[in-house]
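# Breakdown of the fold
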Amino acid sequence: MIQRISAFFTQVVHRILPDPLIFAILLTVVTFALALGLTPKAPADLVMLWGSGFWNLLAFSMQMAMILVTGHALASSGPVKRMLFALASSARTPGQGVMLVAFVGGVACAINWGFGLVLGAMLAREVARRVPGTDYRLLVASAYMGFLTWHGGLSGSVPLVAATKGNPMEKTVGLIPVSHTIFTGYNAFITIGLIILLPILARLMMPKPEDVVTVDPALLQDPPSVERKLSPNATTAERMEESRVLAFLVAALCAAFLVIRFVKKGFVLDIDTVNLAFLAAGIVLHKTPMAYARAVAGAAKGASAIMIQFPFYAGIQALMDHSGLAGVITKWFVDIANVHTFPLLAFLSSALINFAVPSGGGHWVVQGPFVMPAAQALGADLGKSAMAIAYGEAWTNMAQPFWALPALAIAGLGVRDIMGYCVTALLFSGVIFVAGLYLF
């Protein structure tokens, strides 16, 4: 049955889902129309909100591009490729291959979402190389499905921000410690449940042998080595460019910063920390500064989608936030809730808003001012209400191509290739989210 469901959604998505850029443009039009019809803002005001917010995610876009290039460059180094080879070699059959990728992706994203996205995509490529007859689309989809676990893990934006002094909701509901969000029974049930479910689901979604789409092994071959040997008469400039001493000095400086930061602030992983760690590890494993620069140059080709699409989502987020549209949508759900159903309805409202605001931190800014005071007034669990916002964002990422772009760039696929499998994962993972929120 699951195989038929995934095949159905794969066919439907392939026919109707446009390129992610077109999806972002259409979503802009829909959000503008909803804001025009449901809020008191005039058309000119909405245009100004959209245009003023269009470049608001430039820093975040750069962070995402760096996640892609530093992760890709790290994974292209010799030691990491050997590690991925050893891991991929543990899979002997296509079924084992997709289960391995889904499991590793889920665990890695629970540790850190950026690391998980990159590692899962690179492992999917390696399994495709090593296990003949594996459907490459399902492999990459299995890697992205692991992203469902991220908001219940150690890098979840909403629970970490909610526990941080100075966050937008501190004056309203106070700080919510991670002992009330990440380290709770319901979150353990949901996160562990997803890690167990996703590999099984990936195995059950495997297409029939005649429908398997493999990839030409030649397309998965590694590019030429980025290492360069110096000639005996190399210039001083060339010797500095290929200096291992300079590479290790840079890495040591990065490592010293990270150690001091962890000592002062605790072991908190965020996007910048992961990027710096990836950069330091990559430059060491590639041995010289210019070898690393050449690896980054090869990885940067996949960042074009991030550069052109993220500004559109910044404009959409500004429309949702400053027009009051996000508050209108959230209020629809809040008005029909009681203390028992509130977390579930907050989850559904967050899932809906995620199509227009695909950002965990953005959800806290957009939804927190509406959801958290309502939770407080109803006497609902504040930690669970905050996590409901987080889970809704993670859940509908399976139908929102925004976060798939880095993984797809590494894998060399388009969004239509994987989204049918991801929508199937959305349907079945919803049971885990709802059970965790309702039963605990």
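All of these numbers come straight from a predicted model, not from anything done at the bench.

Cut-offs used in this document
- Residues numbered from 1 in each chain as written.
- Predicted model: local features only at pLDDT ≥ 70, side-chain atom pairs only at ≥ 80, totals over all residues.
- Heavy atoms only, no water.
- UniProt positions renumbered as here; feature names shortened; annotations may be inferred.
- Helix = DSSP H or I, 4+ residues; strand = E, 2+ residues; numbered from the N terminus.
- Axes fitted to C-alpha atoms, helices over the stretch in contact; angles between N-to-C directions.
- Left-handed = near helix turned anticlockwise from the far one by under 90°.
- Contact = heavy atoms within 4.5 Å.
- Nonpolar A, V, L, I, M, F, W, Y, C, P; charged D, E, K, R; others polar.
- Parallel < 35°, antiparallel > 145°, perpendicular 65-115°, else oblique.
- Salt bridge = Lys/Arg side-chain N within 4 Å of Asp/Glu carboxyl O.
- Buried < 20%, exposed > 50% of the residue type's maximum accessible area, 1.4 Å probe, protein only.
- Polar contact = N/O pair within 3.5 Å; in protein donor to acceptor, adjacent residues only side chain to side chain.

Annotation from UniProt places "transmembrane region" (unreviewed entry) at residues 21-42, 54-76, 97-123, 143-162, 183-202, 245-263 and 418-439. This span, residues 245-263, is 100% helix and 0% strand, and a straight line between its end C-alpha atoms measures 27 Å.

Two elements in contact, helix H18 (residues 342-353) and helix H20 (residues 382-395), have axes whose closest approach is 7 Å; the angle formed by their N-to-C orientations is 35°. By crossing handedness, the relation of H18 to H20 is classed as right-handed. Contacts between H18 and H20 involve Phe-342, Pro-343, Ala-346, Phe-347, Leu-348, Ser-350 and Ala-351 on the former and, on the latter, Lys-384, Ser-385, Ala-388, Ile-389, Tyr-391, Gly-392, Glu-393 and Trp-395. Counted by class, the contact of H18 with H20 contains 10 nonpolar, 3 polar and 2 charged residues.

Moving on, we get to the packing of helix H4 (residues 58-75) against helix H7 (residues 113-130). Close contact between H4 and H7 brings their axes to 10 Å; oriented N to C, the two are set at 45°. By the angle between their directions, the pair H4 and H7 is classed as oblique. In this structure, the crossing between H4 and H7 has a hand that is right-handed. On H7, the residues that touch Met-64, Ile-67, Gly-71, His-72 and Ala-75 of H4 are Trp-113, Gly-114, Val-118 and Met-122.

Let us now look at the pattern of salt bridges. Tallied over the entire structure, the rule returns 5 salt bridges. Close ionic contact of Arg-137 with Asp-135 constitutes a salt bridge, the shortest N to O distance being 2.8 Å. No difference in accessibility class separates Arg-137 from Asp-135, as the two residues are buried. A salt bridge links Arg-294 to Glu-242; the shortest N-O distance between them is 3.2 Å. Of this pair, Arg-294 sits in helix H15 (residues 289-299) while Glu-242 sits in the loop between helix H12 (236-241) and helix H13 (244-265), placing them 52 residues apart in sequence. Arg-294 gets classed as partly exposed once you look at its relative accessible area, which sits at 23%. A relative accessible area of 13% places Glu-242 in the buried class. Connected through salt bridges with shared partners, the residues Glu-126, Arg-129 and Arg-130 form a single ionic network.

For Thr-149, the location among the structural elements is in the loop between helix H8 (136-145) and helix H9 (157-162). The class of Thr-149 is buried, set by a relative accessible area of 1%. For Thr-149, the side chain forms a polar contact with the main-chain nitrogen of Ala-110, separated by 3.3 Å. Leaving out residues up to four positions away in the same chain, Thr-149 has contacts with Gly-106, Cys-109, Ala-110, Thr-191, Leu-194 and Ile-195.

Once that is clear, we can look at the environment of Leu-26. With respect to the helices and strands, the residue Leu-26 is situated in helix H2 (residues 20-38). Separated by 174 residues in the primary sequence, Leu-26 and Ile-200 place their C-alpha atoms 34 Å from one another.

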